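Understanding the architecture of this molecule
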Amino acid sequence: MKRTLKAAIAAIGLAVSATAGMAADWTPPGPIKLMIAFRAGGGADTQARLIAEALEEKMGWKFIPEQVTGKGGLNMANTLKGQPNDGTAIGLAVTETFGYNMAAANAGMSPEDFTGLTTTAGFQMGIVAPSGKGWSSFEDMIAAAKGGQDIRFGVMSPKLADLAYLLGKAQGVDFNIVQVKGGKAVMNGVTAGDLDVGFMAGIQAKGVASGDLVNLASGLSQPLVQTPDAPTMADLGVDFDSDGYFVFVGPAGMPDDARKALSEAIAAVVSDESSKAGGLVKKAFGGSATIMGNDLTQLMSDDYSNAGTLMDAASE
Amino acid sequence: MGTLDYIWLGILAVFQGPELFSIFGLPISVTLVMILFGFLTGIAVGATPGLAGPIAMAIALPILISIFGYTPDALLPVMGFLIGVMKGATIGGAVPAILFNTPGTPDAYMTTLDGYPMTQKGQARKALRVAHFASASGDTFSDIVLIICAPFLALLVEAYLDFPEKTALLILSLSFIGAVIGGSPAKGVLSTGLGLLAVYIGTGEDFYPRMSMGSDQLNQGFPIATSVLGVLIIGAVFKEMTDLWHQRRSSGTRPSFQDEGNQRLSRAEIGRLLPFVGRSALIGTAIGALPGIGSTLAATLGYTVGRARHARTKAEGAPDFGDGAPEGIAATEAANSSVSGANLIPVLSLGIPGNAAAVFLILAAESIGGFNPGPSVFRFTQDVVNPELVIAFGLFTAMFIANALNWTIGGLFMRSTGIMVRIPKHILLPTVLLLTLTAIYVQEARIEAIWFALGFGALGYVMRLLAISPLPFVIAFILGGKLEESARQAFAATGGDAWFLFGSPISILFIAASVAIILFSARRKKQEL
């Protein structure tokens, strides 16, 4: 009798928590493996580790961060795909991984193999040149290129290489597009003079503020916060943009309570600018941007299906 | 931010880093303690025949990373420890060489030639003092050269070398390393080629993993720790184990000798040693600055030059080299110790490791992140702090702290490690193997890593059987990714010019030199035969 009663109470408890969607009641059945698709020590890696640290403190969950880098996040995605979907394995990558990169690799993965949890921050993607070049606007650079100057355009992913190519095509010039590893490498190349201009996803902020670097254009669909007058991709005649976010994901079919608890907990940490993780997101990426639930699912699947159009356009 | 500000920040980074404990209100940073631990470990390891600095560095690295984490704060404590090991091992190697006629590290072989005869004459402690004095002097000299040269060279490279020249420079270093390490250029180049082949599995810019033969395990390529530790450490352990199997262990008791006469070094004696120390330090530093030539050659050269001088200048009745001349120990130890500092010149200014110790420093920097040895480190930015430059000066500070430890407590500790030689190899080797595998698993946390490491261990074993040096393999594995990346970038930056390597006089010179060095060393080898 006692046992039945206990079971009944437990069942009622479960039902109540499920119907009420009390995400806070969810606790991971074990330590959470956190796969980080970025090199150790960079801004993105630090972000992931700080978020894990904050969640350990706040929620009492236990995280095991590990680096699974390479192939534009696809190595991480591939490893994560086969992990249990009970919330004990999640990963941090960028939306580009599940969009362009996944479509380009054509390796039998699609966003449907994953559960999107939440984005943490967007990129303030600018097209940046050193002020020493003497270009104060995008047209100045195009004029220099048309004057016969070779322009080395630094990018950090194949998608950005396509965008740079389309940008050149729309403006009637040929850039020498150089792909380097990570935004930091673009910035180093630009400051050292190895590159003339490049995509930078937010790290240019300090340099632009001090006047060493110039945001010639916005790589986004929207103007840059820091340089609102710089033209957007659409203004420059390109129908595509580099809008993208850092995104936490889990394997496909993650139960709703786990998904909700994880995404809300992560979003709460990054939105809190007084936390270490939130502070970093504010400092390095201009503040948090948390898209979750169905919005995120939609975003990821749109990115994936639009990637083909971009690739077709770039290979024309 | 001037140069002096950066130097000051670097020093502060070491002394004011995360605090471990405080003595009388004076905070002691964790970096300082790690340098001390590393240094003492290094001496002990160097004094143990069968172990060497790189083994200790290899085992310690993953464990340290798991303790300190992946934050930039971890760089100085971890690398400080490794630098301590590197420096300690060089002086430790002299102990068994002098006391028991068994060199603790390969480069201490020449030390046995005069060290052991001195022991037989009852001058063991004096010989140890000579070794310590010469070693510490050579080391300090070489560090000073490093600190002056590395930033300068890096700035030069950054100012004059474009993508194509950087690619050509990497090719030159690889061919140089292949040609000079391991005796035969053909074997060296083979070893380099195998290293490149291994690193290109699964990596690359394409989204589709190359050469993985459809295997999920190979998709991400081989983790750098498995290949480096596998070939260098596990391979060596396998080889030593089979050697042990073949030879019957000598069970004879070691002879002991009574101390005779004054064991101290007088001022006049130091004066007599100085010319030998000075020459050898110069030789060692010059050799150390070239990637790939190890301290063993430096020791041999230093000894040979010292012997020639000694034959001309020695006093009537003083012992010859080989009969227990303190000058012989000084010439050898100053030369092999002065390699270690200079060896970091190519590491810090170009990102090119020259020996096994440097390999582990690069490995540490790559695993922790936030510090990429190479020309970009020495960017003296004015308005914003370049954190990598602060770390670089922090490392220089760490080296000088290690030197200070060397001068003060090094000699004392060194003279007490004679006991290490009694550790039997049949216990030592399995322990090293177990620790190495554990260390790899700690860092990689997947079981494939163990299989990879054992596979690379087997490869390292076979290479040693065939007298192929594994070091070019490891260096090629480390530089392979960089080589591909810079070649792709050079190709793109020149607007798709397939002949980018021949586009400028500098890169043509580098390529010509890479071919010449292999041809030249192959011909010389033939003549020697």
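Reading guide: rules and limits
Residues numbered from 1 in each chain as written. Chains lettered and ligands numbered in written order. Predicted model: local features only at pLDDT ≥ 70, side-chain atom pairs only at ≥ 80, totals over all residues. Helix = DSSP H or I, 4+ residues; strand = E, 2+ residues; numbered from the N terminus. Rg over C-alpha atoms; globule rule 2.2 N^0.38 Å. Buried ≥ 20, exposed ≤ 12 C-beta atoms within 10 Å, placed from the backbone. Contact = placed C-beta atoms within 7 Å. Nonpolar A, V, L, I, M, F, W, Y, C, P; charged D, E, K, R; others polar. Bend = angle between axes of the 7 residues up to and from the residue. Axes fitted to C-alpha atoms, helices over the stretch in contact; angles between N-to-C directions. Left-handed = near helix turned anticlockwise from the far one by under 90°. Core = buried A, V, L, I, M, F, W, Y, C linked by C-beta atoms within 7 Å. Domains from an automatic or database assignment. Pairing = 2+ DSSP bridges. pLDDT = per-residue confidence, 0-100. Arc of directions from axis to C-beta.

The next point concerns the overall build of chain A. Counting its secondary structure elements, chain A contains eleven helices and ten strands. Since a compact globule built from 316 residues should have a radius of gyration of about 20 Å, the 22 Å found for chain A is in line with a globular shape. Summarising its shape, the C-alpha atoms of chain A cover approximately 90 × 40 × 30 Å along the three principal directions. Classification of the 316 residues of chain A by burial places 52% in the buried group.

Attention shifts here to the overall build of chain B. Along chain B, the regular secondary structure elements total 20 helices and two strands. Computed over C-alpha atoms, the radius of gyration of chain B comes to 23 Å, within 12% of the 24 Å expected from 2.2 N^0.38 for 529 residues, which places it in the range of a compact globule. Considering only C-alpha atoms, chain B reaches an extent of 75 × 55 × 45 Å along its principal axes. A total of 529 residues make up chain B; the buried ones form 57% of that total. Considering only contacts within chain B whose residues lie at least 6 apart along the sequence, 77% involve residues at least 24 apart.

Taken residue by residue, the interface counts 30 residues in chain A and 25 residues in chain B. Here the element with the most residues in the side of chain A that touches chain B is strand β7 (residues 176-179) of chain A; it accounts for four residues. Across the side of chain A that touches chain B, the residue classes break down as nine nonpolar, eleven polar and ten charged.

With that settled, consider helix α16 (residues 387-414) of chain B. At Thr408 of chain B, α16 of chain B shows its strongest bend, of approximately 50 degrees. The buried fraction of α16 of chain B is high, at 20 of 28 residues.

Residues and elements named next belong to chain B. Where helix α4 (residues 75-92) meets helix α7 (residues 124-160), the axes come as close as 9 Å, and the angle between the chain directions of the two elements is 145 degrees. Seen along the crossing, α4 lies across α7 with a hand that is right-handed. Contacts between α4 and α7 involve Lys87, Thr90 and Ile91 from the former and His132, Ser135 and Asp139 from the latter. Residues belonging to the contact of α4 with α7 are distributed by class as follows: one nonpolar, three polar and two charged.

As a further point, take the nonpolar core. Counting 268 residues, the largest nonpolar core has Leu82, Ile98 and Phe360 of chain B as its most contacted members. Per-element accounting of this core gives the leading share, 14 residues, to α16 of chain B. Each of domain 1 (28-122 + 244-315) and domain 2 (126-218) of chain A gives at least three residues to this core. Excluding residues within four positions of it along the chain, Ile98 of chain B makes contact with Thr111, Gly115, Tyr116, Met118, Thr119, Ala124, Ala127, Leu128 and Ala131 of chain B.

All names here are of chain A. If you walk across this open sheet you meet the five strands as β2-β1-β3-β10-β4, and the pairing is mixed. Edge positions in the sheet fall to β2 (63-67) and β4 (114-122), since each of these pairs with one other strand and no more. Taking the axes of each pair of neighbouring strands and ignoring which way they run, one obtains an average angle of 25 degrees across the sheet.

This brings us to the confidence of the model for chain B. All names here are of chain B. On average, residues of chain B carry a pLDDT of 87, and 96% of them reach 70 or more. Mean pLDDT across the elements of chain B ranges from a minimum in strand β1 (residues 19-23), with 74, to a maximum in helix α18 (residues 447-465), with 95. Interface confidence for the predicted complex, given as ipTM, is 0.83, next to a pTM of 0.86.

Okay, the packing of helix α12 (residues 295-313) of chain B against helix α13 (residues 326-342) of chain B next. The description of two helices packed together rests on the angle between their axes and the distance between the axes. All names here are of chain B. The contact between α12 and α13 brings their axes to 8 Å, and the two run at 145 degrees. You can see that α12 and α13 cross each other, and the crossing is right-handed. Contacts between α12 and α13 pair Ser295, Ala298, Ala299, Leu301, Gly302, Tyr303, Gly306 and His310 from the former with Glu327, Gly328, Ala331, Thr332, Ala334, Ala335, Asn336 and Val339 from the latter. Of the residues contributing to the contact of α12 with α13, the split by class is eight nonpolar, seven polar and one charged.

All names here are of chain A. Pairing is mixed in the open sheet, where five strands are placed in the order β7-β6-β8-β5-β9. The sheet terminates laterally at β7 and β9 (213-218), the two strands that pair on one side only. Within the sheet, the average angular offset between the axes of one strand and its neighbour, ignoring direction, is 30 degrees. Across the face of the sheet, helix α7 (residues 182-192) comes into contact with β5 (126-130), β6 (152-155) and β8 (197-200) while running at roughly 155 degrees to β8.

Bringing the environment of Ile147 of chain B into the picture now. By secondary structure assignment, the location of Ile147 of chain B is in helix α7. Taking the C-alpha atoms as reference, Ile147 of chain B lies 39 Å from Arg422 of chain B; in sequence the two are 275 residues apart.

It is worth spelling out the domain arrangement of chain A at this point. Residue and element names in this part refer to chain A. Domain parsing of chain A yields domain 1 (28-122 + 244-315) and domain 2 (126-218). One C-alpha centre belongs to domain 1, the other to domain 2, and the line joining them spans 28 Å. Counting residues at the interface gives 13 residues for domain 1, matched by nine residues for domain 2. If you list the elements that add at least two residues to the side of domain 1 that touches domain 2, you get α4 (95-105), α10 (276-285) and α11 (293-315). At four residues, α11 tops the list of elements feeding residues into the side of domain 1 that touches domain 2. Here the residues of the side of domain 1 that touches domain 2 are counted per class, giving eight nonpolar, three polar and two charged.

Attention now goes to α10 of chain A. Residues and elements named next belong to chain A. Ala277, Gly278, Val281 and Phe285 are the residues of α10 that are buried. The arc that holds every buried residue of α10, seen down its axis, measures 100 degrees, which confines them to one face. In the segment just after α10, Gly286 is the residue with positive phi, at about 75 degrees.

Residue position: Asp256 of chain A is located in helix α9 (residues 256-271). Spatially, the C-alpha atoms of Asp256 of chain A and Thr115 of chain A are 9.9 Å apart, while their sequence positions differ by 141 residues.

As a further point, take the pairing of β8 of chain A. All names here are of chain A. Of the two faces of β8, the one carrying Val197 and Phe199 and the one carrying Gly198 and Met200 are both buried. Pairing of β5 with β8, which is carried by three bridges, proceeds in the antiparallel orientation. Paired with Val128 across the bridge in β8 is Gly198. Where β6 meets β8, two bridges bridge the pair, whose relative direction is parallel. Considered in β8, the bridge of Phe153 is made with Val197.

With that out of the way, let us pick up the pairing of β4 of chain A. Residues and elements named next belong to chain A. Burial analysis of β4 places nine of its nine residues in the buried class, the great majority of the element. By the bridge criterion, six bridges tie β4 to strand β10 (residues 245-251) in an arrangement that is antiparallel. Following the sheet pairing, Phe114 is matched in β10 by Pro251.

Mean pLDDT over chain A: 89, with 92% of residues reaching 70 or higher. When the criterion is pLDDT under 50, residues 15-23 of chain A qualifies, and its contacts beyond four places in sequence or with other chains add up to seven contacts.

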